[in-house]
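Below, each chain spelled out in residue letters.
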Amino acid sequence: MPVRLRGRLSPPEPELNPIERVWQFIKQQFKGEVFLTLDRLRERLNQVLAQITPEQIISLSSYNFILEALFYAASY
């Protein structure tokens, strides 16, 4: 007998999942664009990903409270 889960999924919480801010940044690069083929979407995605620098990833995915918690935990 299949198990059914009831309830609602919690909303995304970007502050708890740093990659969410990276995805938001990537999605902003596509704002207003329409792709008629999957190949064209893939080409554009590759262009966007190629332009993102490591510094941008660090900036988008770093949260001071996460870093502080890690440093605090490492001190014990």
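If you're wondering where the values come from, they're calculated on a predicted model, not measured in any experiment.

A. Quick peek at the overall build of the protein. Helix and strand counts for the protein come out as four helices and zero strands. Mapped from its N terminus to its C terminus, the protein presents α and β elements in the order α-α-α-α. Within the protein, the fraction of its 76 residues that count as buried is 11%. Contacts in the protein between residues far apart in sequence, at least 24 positions, make up 54% of those at least 6 positions apart. A total of about 7100 Å² of accessible surface is found on the protein, and carbon and sulfur atoms cover 59% of it.

B. Representation of the pattern of salt bridges in the model. In the structure shown here, the tally under the stated rule is three salt bridges. Residues Glu 33 and Arg 44 are paired through a salt bridge, measuring 3.0 Å at the closest nitrogen-oxygen approach. Pair noted here: Glu 33 is in the loop between α1 (19–29) and α2 (38–51) and Arg 44 is in helix α2, with a separation of 11 residues, a long-range link. On the accessibility criterion, Glu 33 (30% relative accessible area) is partly exposed.

C. Representation of the side chain of Arg 44 within the structure. A relative accessible area of 15% places Arg 44 in the buried class. Here Gln 29 takes part through its backbone oxygen, which lies 3.3 Å from a polar atom of the side chain of Arg 44. Contacts of Arg 44, omitting those with residues within four sequence positions, involve Gln 29, Phe 30, Glu 33 and Phe 35.

D. Structural detail: the packing of α1 against helix α3 (residues 54–61). The geometry of α1 relative to α3 is characterised by a closest axis approach of 7 Å and an angle of 120° between their N-to-C directions. As the angle between them shows, α1 and α3 are arranged oblique. For the crossing formed where α1 meets α3, the hand is right-handed. Where α1 approaches α3, its residues Arg 21, Val 22 and Phe 25 are matched on the opposing element by Gln 56, Ile 57, Ser 59, Leu 60 and Ser 61. Across the contact of α1 with α3, the residue classes break down as four nonpolar, three polar and one charged.

E. Fine view of the packing of aromatic side chains. Here the structure, examined in full by the defined rule, presents one aromatic pair. The ring of Phe 30 is capped by Arg 44, whose NZ or CZ atom sits 5.7 Å from the centre of that ring.

F. Representation of a nonpolar patch on the surface within the structure. A surface patch of nonpolar side chains, amounting to about 330 Å² of accessible area, comprises Leu 67, Leu 70 and Phe 71. Secondary-structure assignment places Phe 71 in helix α4 (residues 64–74). Phe 71 sits in the exposed class, given a relative accessible area of 63%.

Definitions and cut-offs
Residues numbered from 1 in each chain as written. Predicted model: local features only at pLDDT ≥ 70, side-chain atom pairs only at ≥ 80, totals over all residues. Heavy atoms only, no water. Helix = DSSP H or I, 4+ residues; strand = E, 2+ residues; numbered from the N terminus. Buried < 20%, exposed > 50% of the residue type's maximum accessible area, 1.4 Å probe, protein only. Contact = heavy atoms within 4.5 Å. Areas by Shrake-Rupley, 256 points an atom, 1.4 Å probe, with all protein chains shown as cover. Salt bridge = Lys/Arg side-chain N within 4 Å of Asp/Glu carboxyl O. Polar contact = N/O pair within 3.5 Å; in protein donor to acceptor, adjacent residues only side chain to side chain. Axes fitted to C-alpha atoms, helices over the stretch in contact; angles between N-to-C directions. Parallel < 35°, antiparallel > 145°, perpendicular 65-115°, else oblique. Left-handed = near helix turned anticlockwise from the far one by under 90°. Nonpolar A, V, L, I, M, F, W, Y, C, P; charged D, E, K, R; others polar. Phe/Tyr/Trp six-rings, centres within 6.5 Å; stacked < 30°, edge-to-face > 60°. Lys NZ or Arg CZ within 6 Å of the ring centre and 35° of its normal. Patch = residues over 30% accessible without salt bridge, like charges linked within 9 Å, V, L, I, M, F, W, Y side chains within 5 Å.

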